[in-house]
Amino acid sequence: MGDPREPPGGTPEGGSNDDEFRSVVFDESFVRAARIQELSAQERLAGALGRATRPRGWGWLSLPRQAVVLLLVVVMAFAAAVYFGISSPRGQSAPPSGTQLTVSLTPLAPPGTVTAAADPGNPFAGLPAGYADGQAGLGMPAATATAHFTGSQVQRALDSAQHYLVLSELTPATLTANETAQIRSLVTAGELTQYDDSTNSPRDDQHHAATGWMVRFDPGQVALATETVKVTGNVRVGELDGDTLEVTADHTLVYALRPAGTTSDPAVTLYAVRRAVRIDIDRTDLDTGRLRVVDAAVQAGPSSCTAGQSDYLRPVLATTAGVRPSNPPAVDPADHGRPAWDTCGVLGPIAG
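Please read all numbers here as calculations on a predicted model, not as lab measurements. (Residues numbered from 1 in each chain as written. Predicted model: local features only at pLDDT ≥ 70, side-chain atom pairs only at ≥ 80, totals over all residues. Heavy atoms only, no water.)

Next up on the list: the environment of threonine 199. Position of threonine 199 among the secondary structure elements: in helix H7 (residues 192-200). Look at threonine 199 and you get buried, because its relative accessible area is 15%. Residues in contact with threonine 199, not counting those within four places in the same chain, are Thr180, Ala210, Met214 and Arg216. (Helix = DSSP H or I, 4+ residues; strand = E, 2+ residues; numbered from the N terminus. Buried < 20%, exposed > 50% of the residue type's maximum accessible area, 1.4 Å probe, protein only. Contact = heavy atoms within 4.5 Å.)

Here the focus is the packing of aromatic side chains. According to the stated counting rule, one finds 3 aromatic pairs in the structure shown. Here the aromatic rings of phenylalanine 217 and tyrosine 255 are separated by 5.6 Å at their centres, their planes lie at 75°, and the arrangement is edge-to-face. Of the two residues, phenylalanine 217 sits in the loop between helix H8 (210-213) and strand S5 (222-224) while tyrosine 255 sits in strand S7 (residues 244-259), which places them 38 residues apart along the sequence. Residues phenylalanine 217 and tyrosine 255 agree in their burial class; the two are buried. Here phenylalanine 217 and tyrosine 271 contribute two aromatic rings whose centre-to-centre distance is 5.5 Å and whose plane-to-plane angle is 80°, an arrangement assigned as edge-to-face. With phenylalanine 217 in the loop between H8 and S5 and tyrosine 271 in strand S8 (residues 269-282), the pair connects residues that are 54 residues apart, well separated along the chain. Across the pair, exposure class does not vary: phenylalanine 217 and tyrosine 271 are buried alike. Three or more aromatic residues link up through ring pairs in this structure, and these residues are Phe217, Tyr255 and Tyr271. (Phe/Tyr/Trp six-rings, centres within 6.5 Å; stacked < 30°, edge-to-face > 60°.)

On to the side chain of lysine 230, then. Among the secondary structure elements, lysine 230 is positioned in strand S6 (residues 230-241). Looking at lysine 230, the relative accessible area reads 18%, which means it is buried. Engagement of the side chain of lysine 230 in a polar contact is seen with the side chain of aspartate 133, the distance being 2.5 Å. (Polar contact = N/O pair within 3.5 Å; in protein donor to acceptor, adjacent residues only side chain to side chain.)

What follows concerns the pattern of salt bridges. All told, the structure shown has 11 salt bridges when counted by the stated rule. Across the salt bridge formed by aspartate 250 and arginine 274, the nearest N and O atoms sit 2.9 Å from each other. Within this pair, whereas aspartate 250 is found in strand S7, its partner arginine 274 is found in strand S8, the two being separated by 24 residues in sequence. The salt bridge partner of aspartate 280 is arginine 278, with a shortest N-O separation of 3.0 Å. Each of Glu246, Arg278, Asp280 and Asp295 takes part in one network of salt bridges that share partners. (Salt bridge = Lys/Arg side-chain N within 4 Å of Asp/Glu carboxyl O.)

Further remarks concern the pairing of S6. Relative to S6, strand S4 (residues 132-133) runs antiparallel, the two being bridged by 2 bridges. Its bridge partner lying in S6, alanine 132 is registered against valine 231. Two strands pair when backbone bridges link them, and S6 and S7 are joined in this way by 11 bridges, in the antiparallel orientation. Each residue of the ladder has a partner; that of glycine 238, found in S7, is glutamate 246. Hairpin connection between S6 and S7: a loop of 2 residues separates the two successive antiparallel strands. (Pairing = 2+ DSSP bridges.)

Buried residues of H7: Leu192, Gln194, Tyr195, Ser198 and Thr199, and no others. Taken down its axis, H7 places every buried residue within 160° of arc, on the same side. With respect to the buried face of H7, the exposed residues turned more than 90 degrees away are Thr193 and Asn200. For H7, the elements touching its buried residues are helix H6 (181-184) and H8. (Arc of directions from axis to C-beta.)

Moving on: the confidence of the model for the chain. Averaged over every residue, the pLDDT of the chain is 79; residues scoring 70 or more account for 63%. Residue range residues 82-98 is modelled with pLDDT below 50. Its contacts to residues more than four positions away, or to other chains, number 15 contacts. Across residues 321-325 the pLDDT falls below 50, and counting only partners more than four positions away or on other chains, this stretch makes 17 contacts in the model. (pLDDT = per-residue confidence, 0-100.)

In terms of nonpolar packing, the biggest core is built from 48 residues, with Tyr164, Phe217, Tyr255, Leu257, Val273 and Ile279 touching the most fellow members. Those elements giving two or more residues to this core turn out to be helix H4 (151-170), H7, S5, S6, S7, S8 and strand S9 (292-301). At 9 residues, the largest contribution of residues to this core is made by H4. The contact partners of valine 273, leaving out residues within four places of it in the chain, are Val215, His251, Thr252, Leu253, Tyr255, Val298, Gln299, Ala300 and Leu313. Formed by 8 residues, the second largest nonpolar core is a distinct cluster that contains Leu127, Val254, Ala256 and Val268. (Core = buried A, V, L, I, M, F, W, Y, C linked by side-chain atoms within 4.5 Å.)

The next thing to look at is the environment of threonine 171. Along the polypeptide, threonine 171 turns up in the loop between H4 and helix H5 (172-176). For threonine 171, a relative accessible area of 17% corresponds to the buried category. Spatially, the C-alpha atom of threonine 171 lies 9.4 Å from that of threonine 228, the residues being 57 residues apart in sequence. Of the polar contacts made by the side chain of threonine 171, one reaches the backbone oxygen of valine 166; its length is 2.9 Å.

Shown next as C-alpha cells:
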C-alpha cells in the first residue's frame, strides 16, 4: 500500500516527498529582486568568467568611484554658482558717497533796524520778479533718461526730491509746529540715527543741526503771517555714478513772519533763506521712496550773527536791531551765482 502522503498519481518524476522547502514562498517582489544581468562580452574576455552573474545596480551608490567624485564636483560647482549669484553685489546698489549730512549755517545780519513790510496784508508786494508761490517756484526739471537710468526712474527720483523740498521748506507744520516725522519717513535708513540726533539734540557741529534738514522757527517766538512762501530757484538732476542719481536744489525762500501770539500785528517781517541742498538717490532708494540728504548750505536773515541756529532759525523781527559782524560782506540771498557756503554777512535788500 502506498504512502498516504503521496499524491494520487504518485510522486512526479524527479520529485521528492521531502517537505523541507514547502514553507518557502516566492512572492513577486522576491522574484523581481532576483533578476540577474549577464556580464558583457568585454568582461568575459577580460577574465571575469569566475563570476557568472552580477546584481543590478542600486542607484548612484553603485557608480564607479570616479563617477561619484565627478558627480560631487558638479553638485558643489552648481551650489557655489547659486550662492555667489545670490550674494554678488552686482544686483545691489553701491552706497552713496556721503555717509553723513554736512551742514553750513550762515546768518545774514540786517544792515540796521529791520523794517516791516510796507503792506502787512500783502507782504510780498515789493519782491522782484521771478518769485512764485510755494511749489510752483521750485523749478522742477523735466525727467529725461541718463546713461544708466530710464526716464521713469529719473521721474521717481525727482518726485521724491520734490516731496522732501515741500515738506522741509514749505509745510507750515514743519516751519512753526516742530513736525519732524514726515521728513523722517523720507530719509534713507543709513541716515535715520543722524536725523534723530539732529532733531532730538541739535548742535552746531556741521552734522547735527536740525536746520540743515529743514527750515523751522521756534513756535514760542515766531509765527507765520501767511502760509504762502515765495520761492525762486532751480533743481537739477544727473548721475553721481552708475547706481546713484544726484539731485541739487538751490532756492531762495521768503517767509512772512510775525511775533508768536499775535494775529494782527502790523509789523510783518520778510525773512529770506537761501538753501542749497544736494540729495543722492540710489536704486534701493528708488524702490523705497527714500533719499539721502548729503549737503545743506543755508544762508538766512535777517538774523543775529551771535545767535545759535542749529535748533531753529532765529529771525530778527521788525523794529529790532541785530548784531552785525565787523567789516561784513554784503550778501544777496537771491544771488545763486555765488556759493551758499559763506561766513556771516550783511543781508542785502529782499524787496525793492
